Amino acid sequence: QVQLVESGGGLVQAGGSLRLSCSASGRTFSNYVMGWFRQAPGKEREFVAGINWSGGVTYYTQSVAGRFNISRDNAKNTVDLQMNSLKPEDTAVYYCAADYLGLNIATMSPNGMDYWGKGTLVTVSS
């Protein structure tokens, strides 16, 4: 089992930046592909970004591609999401999630993840 704790959320103006971090504890972190998801009020949870076990392959949903960057540090058991040029529509609770021995980050979905953090709120004001 792995425990995930997100941090770094907050209130930011449109056009600003935030960096989210997810700290993992438990089993070998490098055995997991990692993802960031988000859920806005009244909407379903959606995929934002994913990263493979080594950090060498990343994938983004189209709405954040070019603005967000996911990275991981297997020595520190962390996965980060750098969010730039934020828009009001990025407002949501952001969740870190882990998929044990996952294969294809391009098809990552909420139902396929094994472990979840409790989320951190990101609010982007216009």
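Definitions and cut-offs
Residues numbered from 1 in each chain as written. Predicted model: local features only at pLDDT ≥ 70, side-chain atom pairs only at ≥ 80, totals over all residues. Heavy atoms only, no water. Helix = DSSP H or I, 4+ residues; strand = E, 2+ residues; numbered from the N terminus. Buried < 20%, exposed > 50% of the residue type's maximum accessible area, 1.4 Å probe, protein only. Contact = heavy atoms within 4.5 Å. Areas by Shrake-Rupley, 256 points an atom, 1.4 Å probe, with all protein chains shown as cover. Lys, Arg positive; Asp, Glu negative; His and termini not counted. Charge placed at Lys NZ, Arg CZ, Asp CG, Glu CD. Pairing = 2+ DSSP bridges. Axes fitted to C-alpha atoms, helices over the stretch in contact; angles between N-to-C directions. Phe/Tyr/Trp six-rings, centres within 6.5 Å; stacked < 30°, edge-to-face > 60°. Lys NZ or Arg CZ within 6 Å of the ring centre and 35° of its normal.

**Q** Could you clarify how one ought to interpret the overall build of the protein chain in this entry?
**A** Secondary structure assignment for the protein chain yields zero helices and 11 strands. In terms of overall dimensions, the protein chain has C-alpha extents of about 40 × 25 × 25 Å along its principal axes. Sorting the 126 residues of the protein chain into buried and exposed places 42% on the buried side. The long-range fraction of contacts in the protein chain, counting pairs at least 24 apart against all pairs at least 6 apart in sequence, stands at 61%. Per element, the accessible surface of the protein chain, about 6,400 Å² overall, is 47% carbon and sulfur. Charge separation in the protein chain, taken as the distance between the mean sites of 10 positive and 9 negative side-chain charges, equals 3 Å.

**Q** For this particular structure, what's the right way to read the sheet that holds strand S1 (residues 2-7)?
**A** Whether parallel or antiparallel, the strands of a sheet pair through hydrogen bonds between backbone atoms. As summarised here, the arrangement of the four strands in space is S1-S3-S8-S7, forming an open sheet in which the pairing is antiparallel. At either end of the open sheet lies a strand with only one pairing partner, and these are S1 and strand S7 (68-73). Looking at each pair of strands side by side, their axes are set apart by 15° on average, direction ignored. Bridge analysis of strand S3 (residues 18-26) against strand S8 (residues 78-83) gives six bridges, and the strand direction is antiparallel. The residue of S8 that forms the bridge with Ser-23 is Thr-78.

**Q** Which parts of the structure should I look at to understand the environment of Tyr-95?
**A** Along the chain, the position of Tyr-95 falls in strand S9 (residues 92-100). For Tyr-95, a relative accessible area of 13% puts it in the buried group. Sequence-wise, Tyr-95 and Ala-106 are 11 residues apart; in three dimensions their C-alpha atoms are separated by 17 Å. Here Tyr-95 is in contact with Glu-6, Gly-35, Trp-36, Phe-37, Gln-39, Arg-45, Trp-116, Gly-117, Lys-118 and Gly-119, once residues within four sequence places are set aside.

**Q** For this particular structure, what's the right way to read the packing of aromatic side chains?
**A** Each aromatic ring pair is specified by the distance between its two centres and by the angle formed by the two planes. The final tally for this structure, using the stated rule, is six aromatic pairs. Put simply, the rings of Phe-37, Phe-47, Tyr-59, Tyr-95 and Trp-116 touch in pairs and so form one group of aromatic residues. Note that Arg-45 overlies the ring of Tyr-95, its terminal NZ or CZ placed 3.7 Å from the centroid.

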